[in-house]
Amino acid sequence: MMFTTEFDVTDWTQAIDPGLNAQAWQRSRRQSTPGAQWNAYLNQIGLAGSLAGLQELGWEHVVGPSDRQSDRTWGLVNGSVIQVGDRRLVLLPTEVVDQSELEVPQEWIDIPSWAADYYLAVYLMPDMQTLQIAGYATHQQIKQQAQINISTRNYYLDHAYLSTDLNLLQLTLDQYATTQTRAAIAKLPELAAVQAQNLIQRLGSPTELLPRLAVPFATWAALLDHPTWHEQLYCQRQGEAASSVVTQLADWMQGQFDRAWQVVDAVLAPQQLAIATRSAATESPTIVIDRAKVIAVGDGQVGLLVNLEPLDATEVRIDLQIHPTGDSIHLPGETQLRLLGMDGTEIAEAKAAVTETIRLQFRANYGEAFQLEIRCNHEVVIEQFVL
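Here the structure is a predicted model, which means the values were calculated and not measured.

Asks: What's the story with the pattern of salt bridges in this structure? I'm lost.
Replies: Where charged atoms from two side chains of opposite charge approach closely, those side chains can pair. Enumeration according to the criterion identifies 14 salt bridges in this entry. One salt bridge in this structure joins glutamate 231 and arginine 72, with 3.0 Å as the shortest N-O distance. In this pair, glutamate 231 is assigned in helix H9 (residues 227-238) and arginine 72 in helix H3 (residues 67-74), connecting sequence segments 159 residues apart. Exposure remark for glutamate 231: the relative accessible area of 10% places this residue in the buried category. Taken together, the salt bridges that share partners define one network made up of Arg27, Arg30, Asp67 and Asp71.

Asks: Would you take a moment to explain the environment of tyrosine 41 for this structure?
Replies: With respect to the helices and strands, tyrosine 41 occurs in helix H2 (residues 34-56). With 21 residues separating them along the chain, tyrosine 41 and leucine 20 place their C-alpha atoms 9.9 Å apart. Apart from residues lying up to four places away in sequence, tyrosine 41 is in contact with Asn21, Ala24, Trp25, Ser28 and Met128.

Asks: What is the right way to read the nonpolar core from this model?
Replies: One broad rule of soluble globular proteins: the nonpolar side chains tend to lie buried together. Val104, Trp108, Tyr119, Ile142 and Leu223 are the most contacted members of the largest nonpolar core, which totals 40 residues. A per-element tally of this core places helix H8 (residues 217-224) first, with six residues.

Asks: Before we go on, may I ask you to explain the packing of helix H7 (residues 193-203) against H9 in this structure?
Replies: A pair of packed helices can be characterised by two numbers: the angle between their axes and the separation between those axes. Where H7 meets H9, the closest approach of the two axes is 8 Å, and the angle between their N-to-C directions is 25°. If you check the angle between H7 and H9, you find them roughly parallel. Of the two elements, H7 crosses H9, and the hand of that crossing is right-handed. Contacts between H7 and H9 involve Ala193, Ala196, Gln197, Ile200, Gln201 and Leu203 from the first element and Trp229, Gln232, Leu233, Gln236 and Arg237 from the second. Residue classes in the contact of H7 with H9 are distributed as six nonpolar, four polar and one charged.

Asks: Explanation requested: H2 in the structure shown.
Replies: Since one α-helical turn is 3.6 residues long, residues separated by three or four positions face the same way. The terminal C-alpha atoms of H2, which comprises 23 residues, lie 33 Å apart, in line with the 33 Å expected from a rise of 1.5 Å per residue. Following H2 by one or two positions, glycine 58 adopts a phi angle in the positive range, close to 100°.

Asks: Just to check I follow, could you spell out the sheet that holds strand E13 (residues 315-323) for this structure?
Replies: Strand pairs in the sheet, formed through backbone hydrogen bonds, run parallel or antiparallel to each other. Spatial ordering of the open sheet is given by E11-E12-E13-E16, a layout of four strands whose pairing is antiparallel. In this open sheet, the two edge strands, each paired with only one partner strand, are strand E11 (289-297) and strand E16 (358-365). Going from strand to strand, the sheet's axes swing by 20° on average, the running direction of each strand aside. Looking at chain direction, E13 and E16 are connected through eight bridges and run antiparallel. Bridge pairing links isoleucine 322 to isoleucine 358 in E16.

Asks: Where do I start with a nonpolar patch on the surface in this structure?
Replies: Among the surface-exposed residues, Leu168, Leu171 and Tyr176 lie close enough to one another that they form a single nonpolar patch of about 280 Å² accessible area. Note that leucine 168 resides in helix H6 (residues 166-175).

Asks: Help me out: how do you make sense of the pairing of E13 in this one?
Replies: Each regular strand displays side chains that alternate between the two surfaces of the sheet. Burial runs high along E13: eight of the nine residues are buried. Pairing between strand E12 (residues 300-310) and E13: eight bridges, direction antiparallel. For leucine 305, the partnering residue across the bridge sits in E13 and is glutamine 321.

Asks: What is the right way to look at the environment of glutamine 195 in this model?
Replies: Locating glutamine 195 in the fold gives a position in helix H7. Note on glutamine 195: relative accessible area 36%, which makes it partly exposed.

Asks: I would appreciate a short explanation of the side chain of glutamine 384 in the present structure.
Replies: By the secondary structure assignment, glutamine 384 is in strand E18 (residues 379-386). One polar contact links glutamine 384 to glutamine 371, side chain to side chain, over a distance of 3.0 Å.

Asks: Any chance you could explain the confidence of the model for the chain here in plain terms?
Replies: Interpretation of the predicted coordinates at a detailed level should be avoided for regions scoring low in pLDDT. Averaged over every residue, the pLDDT of the chain is 82; the share at 70 or more is 87%. In this model, residues 1-10 is a region of pLDDT below 50 whose contacts with residues beyond four sequence positions or in other chains number 21 contacts.

Asks: Sorry, what's going on with the sheet that holds strand E5 (residues 101-105) here?
Replies: With antiparallel pairing, three strands are arranged side by side in an open sheet as E5-E9-E8. Single-partner strands in this sheet number two, and they are E5 and strand E8 (147-149). Going from strand to strand, the sheet's axes swing by 30° on average, the running direction of each strand aside. Relative to strand E9 (residues 154-158), E8 is paired through three bridges, and the arrangement is antiparallel. In the sheet register, asparagine 149 faces E9, and the bridge partner there is asparagine 154.

Asks: Just checking my understanding: could you explain the layout of surface pockets for this structure?
Replies: One simple way to see leftover space: roll a probe sized like a water molecule over the atoms. The computed volume of the second largest pocket comes to approximately 680 Å³. Around the second largest pocket, the lining is made up of 32 residues, and of these Asn39, Val77, Asn78, Glu103 and Arg212 lie nearest the centre. Those elements that place two or more of their residues in the lining of the second largest pocket are H2, strand E4 (87-94), E5 and strand E6 (118-124). Ranked by residue count, the leading element in the lining of the second largest pocket is H2, at six residues. Residue composition of the lining of the second largest pocket, grouped by class: 18 nonpolar, nine polar and five charged.

Asks: Help me understand the packing of aromatic side chains in this model?
Replies: The description of two aromatic rings rests on the distance between their centres and on the angle between their planes. The full count for this structure, using the stated rule, is eight aromatic pairs. Arranged with centres 6.0 Å apart and planes meeting at 75°, the rings of tyrosine 118 and tyrosine 136 form a pair that is edge-to-face. Of this pair, tyrosine 118 sits in strand E6 while tyrosine 136 sits in strand E7 (residues 130-138), and the two are 18 residues apart along the sequence. Three or more aromatic residues link up through ring pairs in this structure, and these residues are Trp252, Trp261, Phe362, Phe370 and Phe385.

Rules and cut-offs
- Residues numbered from 1 in each chain as written.
- Predicted model: local features only at pLDDT ≥ 70, side-chain atom pairs only at ≥ 80, totals over all residues.
- Heavy atoms only, no water.
- Salt bridge = Lys/Arg side-chain N within 4 Å of Asp/Glu carboxyl O.
- Helix = DSSP H or I, 4+ residues; strand = E, 2+ residues; numbered from the N terminus.
- Buried < 20%, exposed > 50% of the residue type's maximum accessible area, 1.4 Å probe, protein only.
- Contact = heavy atoms within 4.5 Å.
- Core = buried A, V, L, I, M, F, W, Y, C linked by side-chain atoms within 4.5 Å.
- Axes fitted to C-alpha atoms, helices over the stretch in contact; angles between N-to-C directions.
- Parallel < 35°, antiparallel > 145°, perpendicular 65-115°, else oblique.
- Left-handed = near helix turned anticlockwise from the far one by under 90°.
- Nonpolar A, V, L, I, M, F, W, Y, C, P; charged D, E, K, R; others polar.
- Expected span 1.5 Å × (residues − 1).
- Pairing = 2+ DSSP bridges.
- Patch = residues over 30% accessible without salt bridge, like charges linked within 9 Å, V, L, I, M, F, W, Y side chains within 5 Å.
- Areas by Shrake-Rupley, 256 points an atom, 1.4 Å probe, with all protein chains shown as cover.
- Polar contact = N/O pair within 3.5 Å; in protein donor to acceptor, adjacent residues only side chain to side chain.
- pLDDT = per-residue confidence, 0-100.
- 1 Å grid on protein atoms, 1.4 Å probe; cavity = no way out; pocket = protein on both sides within 12 Å on 5 of 7 lines; lining within 4 Å.
- Points joined across faces, edges and corners; volume = space filled by probe spheres on them.
- Phe/Tyr/Trp six-rings, centres within 6.5 Å; stacked < 30°, edge-to-face > 60°.

Okay, structure coming up:
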């Protein structure tokens, strides 16, 4: 059943900073295709304007995505995710004012790691000087009440189903954190690493203007659900390396360190330094080389400690640890540490909800390369190493 009523969006408007247009257009030039550039332009204005408006309404602790996360998303799909406490909200901007439906890309609904609690319709006026948040719906509502177009891979929810009271939404987020908002999501198929790399090569060409429609949705979703493969796909389309920095651990053996890697006591507080020393001593009484690095994750940060102990002429024991930084005694949120091959294959993982350290230890041969995926505060950071 579909309604045909017009929706009044005059209740809430937000003026857009005049300087934002030029800034947004300049940043959008990072994208590899005209369509992705336009999408990035709309989303940057929609994100910045919406965040400013929500803060004026008294919303606190609203966290937007990092620049890298935004670029990676806007190069492929419309929408921006923001975080309010433990709740995820997706802003869906459009420059068309008189739409009667909320259009939600299927990725935001049917990919487990992308799904959110609430979806907000954001309208941008033709002059790009004003925006309106027209209403919102939950993930559960969209799954139950929206219609999906298989050709466009978008869900369409009539505006008659949207809630429009942002104050009520704020109250719900503040006081009813346990409110059921999400429907069940079908499990995605597992992609073999070889298949994923073939897809990245195929879909990574900028001549593929709509990669999200070029393969079956389940295959596409499984690719995006894997942060490393998503990053590799975006980089392939941009014509850039998957990581601008690969830490050369062999250089550490020669006493050569990149500026980002500091002596451990410059990164960790004394209490964390004691924990790191005890942890390493359990299996490696003699640490030959150790360095630490501060890594930003969402609105927090962690310290990454790397210990190297050469065992013989071909093999090295590597000890990876995640610690709080500064005066914190706990990590800034639920944290997951994954050890990956360069093709994205998972080798090992460790995670914790509230802890003072997370650790992975393994052996590697000289010449081997690996990736470390740190997931914390709804942000994913990938560090690459070669021994």
